[in-house]
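# Structural overview
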Amino acid sequence: QVQLVESGGGLVQAGGSLRLSCAASGRTFSTYAMGWFRQAPGKEREFVAAISFSGGTSYSTDSGKGRFTISRDNAKNTVYLEMNSLTPEDTAVYYCAARRYFGSTNRSEWAYWGQGTQVTVSS
């Protein structure tokens, strides 16, 4: 089992950047694929990006490509989401998630979740 705690959210102007962090407990962090999801008010939680156990492979949604970068540091038990060129449409609560297998964008297939961190982008 793994516990996840996100940080780094906040208020930023359109065009700005934020770096989200997700710290994981336990000594088996490197055996989990990690992902980021987001949920805007009145909308379903949606996939943003995911990264493999070693960090060698990652993928993200089309809306995030070129703007969002997921990375991980297994020595620090932390996964990151670097977000650039933010727009008001990126406003949401961002959640970190973990699962034993890499390759899913379906939120129901992710076993562990953090509490979320709010990102608000002003126009």
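As a starting point, this report considers the structure included with it. (Residues numbered from 1 in each chain as written. Predicted model: local features only at pLDDT ≥ 70, side-chain atom pairs only at ≥ 80, totals over all residues. Heavy atoms only, no water.)

## Thoughts on unusual backbone geometry
In this structure, Asn 77 is a non-glycine residue whose phi angle is positive, near 55°. Within the secondary structure, Asn 77 sits in the loop between strand S7 (68-73) and strand S8 (78-83). According to the relative accessible area criterion, Asn 77 is buried, its value standing at 17%. Of note in the backbone geometry, Ser 85 takes a positive phi value of approximately 50° without being a glycine. Counting through the fold element by element, Ser 85 comes out in the loop between S8 and strand S9 (92-99). Its relative accessible area of 42% is what places Ser 85 among the partly exposed residues. (Helix = DSSP H or I, 4+ residues; strand = E, 2+ residues; numbered from the N terminus. Buried < 20%, exposed > 50% of the residue type's maximum accessible area, 1.4 Å probe, protein only.)

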